[in-house]
Amino acid sequence: MCGIVGAIAERNITAILVEGLKRLEYRGYDSAGVAVFTNDGDLDRRRRVGKVAGLDQALAEQPLAGRLGIAHTRWATHGAPSEHNAHPHFSGDQLAVVHNGIIENYEALREQLKGLGYVFTSDTDTEVIVHLLHHKLKTDTDLADALKSAVAELHGAYGLAVISASQPDRLLAARSGSPLVIGLGLGENFLASDQLALRQVTDRFIYLEEGDIAEIRRDSVQIWDQQGCAVQREQVQYHEGAEAADKGEYRHFMLKEIHEQPKVVQRTLEGRLGTDHVLVNAFGPRAAELFAKVRNVQIVACGTSYHAGMVARYWLEDLAGIPCQIEVASEFRYRKVVVQPDTLFVTISQSGETADTLAALRNAKELGYLTSLAICNVGTSSLVRESDLTLLTQAGPEIGVASTKAFTTQLVGLMLLTLSLGQVRGTLDAGVEAHLVEELRRLPTRLGEALAMDKTVEKVAELFAEKHHTLFLGRGAQYPVAMEGSLKLKEISYIHAEAYPAGELKHGPLALVDSDMPVVTVAPNNELVEKLKSNLQEVRARGGELIVFADREAGIDNGVGTHVVAMPHIDDSLAPILYTIPLQLLSYYVAVLKGTDVDQPRNLAKSVTVE
Ligand code: M6R
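What counts and what doesn't
- Residues numbered from 1 in each chain as written.
- Predicted model: local features only at pLDDT ≥ 70, side-chain atom pairs only at ≥ 80, totals over all residues.
- Heavy atoms only, no water.
- Buried < 20%, exposed > 50% of the residue type's maximum accessible area, 1.4 Å probe, protein only.
- Helix = DSSP H or I, 4+ residues; strand = E, 2+ residues; numbered from the N terminus.
- Arc of directions from axis to C-beta.
- Contact = heavy atoms within 4.5 Å.
- Near = heavy atom within 4 Å.
- Polar contact = N/O pair within 3.5 Å; in protein donor to acceptor, adjacent residues only side chain to side chain.
- Areas by Shrake-Rupley, 256 points an atom, 1.4 Å probe, with all protein chains shown as cover.
- Nonpolar A, V, L, I, M, F, W, Y, C, P; charged D, E, K, R; others polar.
- Pairing = 2+ DSSP bridges.
- Core = buried A, V, L, I, M, F, W, Y, C linked by side-chain atoms within 4.5 Å.
- Axes fitted to C-alpha atoms, helices over the stretch in contact; angles between N-to-C directions.

## With respect to helix α15 (residues 454–461)
Okay, so step 1: For α15, the set of buried residues is Asp454, Val457, Val460 and Ala461. Along the long axis of α15, the arc covered by the buried residues comes to 120°, so they all point the same way. Turned more than 90 degrees from where α15 packs its buried face, Lys455 and Lys459 sit exposed.
Okay, so step 2: The elements touched by buried residues of α15 are α6 (253–259), α14 (430–451), β24 (545–551), β25 (562–567) and α18 (575–594).

Structural data, given as structure tokens:
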């Protein structure tokens, strides 16, 4: 959630650190700071509440120059967003630390360190780390040895970067539960919590693994594993263009990412479709052999990714005839789960670093699942590295905190999974598979048609500008689409929104409906549409205002209090992907009208790497 950047070079690294923070700002953005070992031989820092632009301004007023430094953008967990809680944290004037994650035993450590005479100046859990390290340096004078000894006393999750004024030839890092990557330059090296921060300076990376400690010098990198043994970690060359860091012609990253969906869906399908069937080995060379044994599917994910999993449950049971369960990761990880024999454990995640989803995967490995599959957007993520099988969505980096293109590409990946399981297990008719493969090929064009409704949806958004509450309704696989629509609206416009299966309305929520409560509905032309129409009548009879995204042939017409937006026709199985588009646009335009921070909504962070 927070972002870390570090650098050691022959040149001034302050601008590199700040640029790295700007690239990570979408992850956490309530305060930012930088600490540099200055050319005068001191450790100095600047910290500001708010966005990185504020820190940039502070540096313009009071510059910092040096060849070794660390920087951080924070998303508060312990202690309110304030300058004294912003990282880097110091112990004396010799030692600085930045930290992502949560130290669970910080209260005990704090008391212990206070007893040793340390004075705390923040409310954070992080400050115990820097004082503990300072204390360790009294006996272990080498910074790497002291860090190994200090992290052995930490419980919880951390990605750490450390610099010391007394050993300014090195930058130290430690990873446990929070990702870190080393960027390799020529005569200079870097560190970050996400390679995105370093693409301005290098395309060569080393990903630290769980328990690793690294000593990064200008011209060398030394890594020790969890057992303290020196190890070599693989170098990875990154190839993708820098397209994501740029909004291009769009006002916000979110709008750009919504409009990228035809292209990224196309990419997610590339190389994965045969003439009339899905290429099962898209999930890995052992996929066909493992999928043939699958009798059940358990899906675990969070937020938007969870909604994708909910859609997949309809598909897996309906098309492939496989029993499927789905649960949010933060619940799954803490309950006793009864595992059915031959169950495929599936995680879904944009980032692949979501703490709850990762923990659920790690638990699942102890529980006797047949095998694990990650549907993920980041090939180098922990989730991908720790899963047996992988399907990478090809959404490209998603910068807007509200997930859009990640969701639709996850749905494409889950449809590929459904068809693969049905094919391998012989539970899906070959003709149905061939038809859906053909429909998938047409999907990017259909999505383009839905995006062409942009201006119409912008107009509809005006109905929401003064509203405080909204209901989203859907039936069948459109119910999770309604849930996703309601999550988008509340995330970026701060309007209270709830989603219900349309048939549930009369069991309670109908009491809320009046002329101040817009009710948004998605209505493809399927066997449930007549039942949905009755639900809409129930709303109209109570004076509720309806906004219906309906198939042209669904027979739902404009009228007093009923605003119908006609949708292109699509095969019902793929309708959840298509009907997501107008709901994304609707949230976007409502947020723009309300003047909220669309790409970085309050209180949220892109990648939730803490519990
Ligand atoms: O990276 P992940 O897909 O694992 O993230 C899961 C959720 O945190 C994420 O989908 C979140 O709900 C988004 N902000 C929704 O727009």
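## A look at the site of the ligand
Okay, so step 1: Near the ligand, the surroundings consist of 15 residues, among which Ser305, Ser349, Gln350, Thr354 and Glu491 are the closest.
Okay, so step 2: Interatomic distance of 3.1 Å between a backbone N/O atom of valine 401 and a nitrogen atom of the ligand.
Okay, so step 3: For the ligand, a nitrogen atom lies 2.7 Å from a polar atom in the side chain of glutamate 491.
Okay, so step 4: In isolation the ligand exposes 410 Å². Once the protein is present, 91% of that is buried.
Okay, so step 5: Among the secondary structure elements, those contributing two or more residues to the shell around the ligand are α9 (303–318) and α16 (478–493).
Okay, so step 6: Tallied by class, the residues present in the shell around the ligand amount to 5 nonpolar, 8 polar and 2 charged.

## Regarding the pairing of strand β23 (residues 518–523)
Okay, so step 1: The buried fraction of β23 amounts to 6 of the 6 residues, a majority that puts the element mostly inside the structure.
Okay, so step 2: Going residue by residue along β23, you find Pro518, Val520 and Val522 tucked away on one face and Val519, Thr521 and Ala523 tucked away on the opposite face as well.
Okay, so step 3: Here 3 bridges tie strand β21 (residues 469–474) to β23, and the two strands are oriented parallel to one another. Note on β23: the bridge partner recorded for leucine 471 is valine 519.
Okay, so step 4: Pairing analysis gives 6 bridges linking β23 to β24, with the strands arranged parallel. Its bridge partner being in β24, valine 520 is matched across the sheet by isoleucine 547.

## Describing the nonpolar core
Okay, so step 1: Grouped together as the largest cluster of nonpolar side chains are 90 residues, with contacts concentrated most on Phe291, Val297 and Phe549.
Okay, so step 2: The biggest single contributor to this core is α18, with 13 residues.
Okay, so step 3: The next biggest cluster of nonpolar side chains, apart from the first, holds 28 residues, and it includes Tyr106, Leu132, Ala174 and Trp224.

## Overview of the sheet that holds strand β5 (residues 89–91)
Okay, so step 1: Ordered in space as β5-β6-β7-β8-β12-β13-β14, the 7 strands form an open sheet in which the pairing is antiparallel. If you trace the sheet from one side to the other, it starts and ends with β5 and β14 (230–231), each paired once.
Okay, so step 2: Here strand β7 (residues 156–164) pairs with strand β8 (residues 171–176) via 4 bridges, running antiparallel. Counterpart to glycine 159 in the pairing with β8 is arginine 175.

## Some words on the sheet that holds β23
Okay, so step 1: If you trace the 5 strands from one edge of the open sheet to the other, you get β22-β21-β23-β24-β25, paired in parallel fashion. Looking along the sheet, the strands with just one partner apiece sit at the ends: β22 (496–501) and β25. Strand after strand, the sheet turns through a mean of 20° between neighbouring axes, direction not considered.

Coordinates in, geometry out; function isn't part of it.
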